[in-house]
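Analysis of the macromolecular model
Next come the chains, spelled out residue by residue.
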Amino acid sequence: MLSFPVQKHRMDDNYRYLRLSVPLSSPTSSPLNPDDDFNNHINRKILIVALDRPRKHNALNARMWKEIGTLFSLIGVAPQYTPCRCVLLVGNGPSFCAGIDVRDASFFTPFVDDGSGSEANNNNNDDNDDDDNKEMDAARAGLAFASKLQEMQQAFSAIESCPVPVVAAVHGNVVGGAIDLITATQIRLCTADSRFAVKEVAVGLAADVGTLQRLPKLVGNQSLVHELCYTGRNFSAETALQIGLVSRVIDGRGHPENGDSHPGPVSSSVAASAAARAKLYQEALQLCQEIAQHSPLAVHGTKRALLYSRDHSVAQGLDQIASYNQLALQAPDAQTAIMAAATATTPNGGSKPRFDDIPPRCRL
């Protein structure tokens, strides 16, 4: 449960295991107050995406996996998901995400349908002859399975290639596939009681949808990365902060929900956890607001440059950002921001700059 009022997004009903919303303005805000009016303007450009299988600790089944890929390939691109300048990714229930749902057979065999009717192959088709019904050899089964694995990889890569920054605010269990998921985001915050694990080796797998490729580039301790990936052991929020997986750990101290009126250690622990989550979501939303108030051209260009430079040389990165800015600097955004900064130092304080949104992408 989010700690601030939200409004259901118009595309929310298109998803079964994701909840889409936008933050509402404060009940005390006034359109006559310039700051309140600006904050309301910014809130409408933030999309909150919540994983929503709370009774399963948001374990990822095939349909949720597909929905993640579909949604993030549309954010900032399709008209229904624009304008959007920042995404806040959270998990409903006691945990952010417990990883892959190992009881979903469609992950592990080439031709099992997830129930959505999307599998093209049907081995029970009456038109199949006897040869078609023979058990496949390992090579053919492997080639058939490869496309499913690539689809799973692309679903999480869509988070990384999404045109706007994605901020993950996580709590509770962040295990296995959840690590693959959050390493594709750009900023990660967590509560102090979060528990992380690269758990794939414990179930007989090598992580194959992003952790082994992205985690070593996010953290500064290669030895520890190998240790965590080889052992599958849990690590704490403190460790996640120390190695750079997250940029903040929130403990809930000082939040109104962390009162002293809850008797007993269990109730006290529940209250502290609830307070930490409330504070986590408040800080994450404030971060999204801070990002969304800047020029979307500048933020988009910065995200593209950071991702490009991660995988290329310095010289190539400089060429890439030069190519981007020779076009982006033709827009008035830089001049608008500079003028706003200049007037902010005057006695009247000036006004916060407003920038045009990036339009939906053109398609045939």
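In what follows, the structure referred to is the one given above.
Residues numbered from 1 in each chain as written. Predicted model: local features only at pLDDT ≥ 70, side-chain atom pairs only at ≥ 80, totals over all residues. Heavy atoms only, no water.

Quick notes on unusual backbone geometry
Here is the rule we go by: Numbering of helices and strands runs from the N terminus; a helix is a DSSP stretch of H or I covering at least four residues, while a strand is a stretch of E covering at least two.
The omega torsion across T82 and P83 is 0 degrees, close enough to zero to call that bond cis. A positive phi angle is found at H57, which is not glycine, with a value near 55 degrees. On the secondary structure map, H57 appears in the loop between β3 (46–51) and α2 (62–74). Positioned with a positive phi, N58 is a non-glycine residue whose angle comes to about 60 degrees.

Considerations on the pattern of salt bridges
Any two side chains of opposite charge can pair, so long as their charged atoms come close to each other. What counts, and what does not: Just to be clear on terms, a salt bridge is a Lys or Arg side-chain nitrogen sitting within 4 Å of an Asp or Glu carboxyl oxygen.
Throughout the structure, instances matching the rule amount to 16 salt bridges. K217 serves as the salt-bridge partner of D311, at 2.9 Å between the closest nitrogen and oxygen. Placement of the pair is D311 in the loop between α9 (296–310) and α10 (314–328) and K217 in helix α5 (residues 211–218), with a sequence separation of 94 residues. Note that E283 and R248 form a salt bridge whose closest N and O atoms lie 3.1 Å from each other. Note that E283 is positioned in helix α8 (residues 265–292) and R248 in strand β10 (residues 248–250), a separation of 35 residues in sequence. One connected set of salt bridges, linked through shared partners, spans E160, R214, K217, R310 and D311.

Comments concerning the sheet that holds β10
Strand pairing in a sheet relies on backbone hydrogen bonds. The paired strands run either parallel or antiparallel. The test is simple: Paired strands, in this sense, are two strands between which DSSP finds at least two bridges. Axis definition: a line fitted to C-alpha atoms, over the contacting stretch in the case of helices. Angles run 0 to 180 degrees between N-to-C directions.
Across the sheet, which stays open at both edges, the 7 strands sit in the order β1-β2-β3-β4-β5-β7-β10 with mixed pairing between neighbours. Strands with a single pairing partner mark the edges of an open sheet, and in this sheet they are β1 (6–8) and β10. On average, each strand axis in the sheet is inclined to that of its neighbour by 25 degrees, with strand direction left out of account. Examined bridge by bridge, β3 and strand β4 (residues 86–91) share 6 bridges and lie parallel to one another. Bridged to L51 within β4 is G91.

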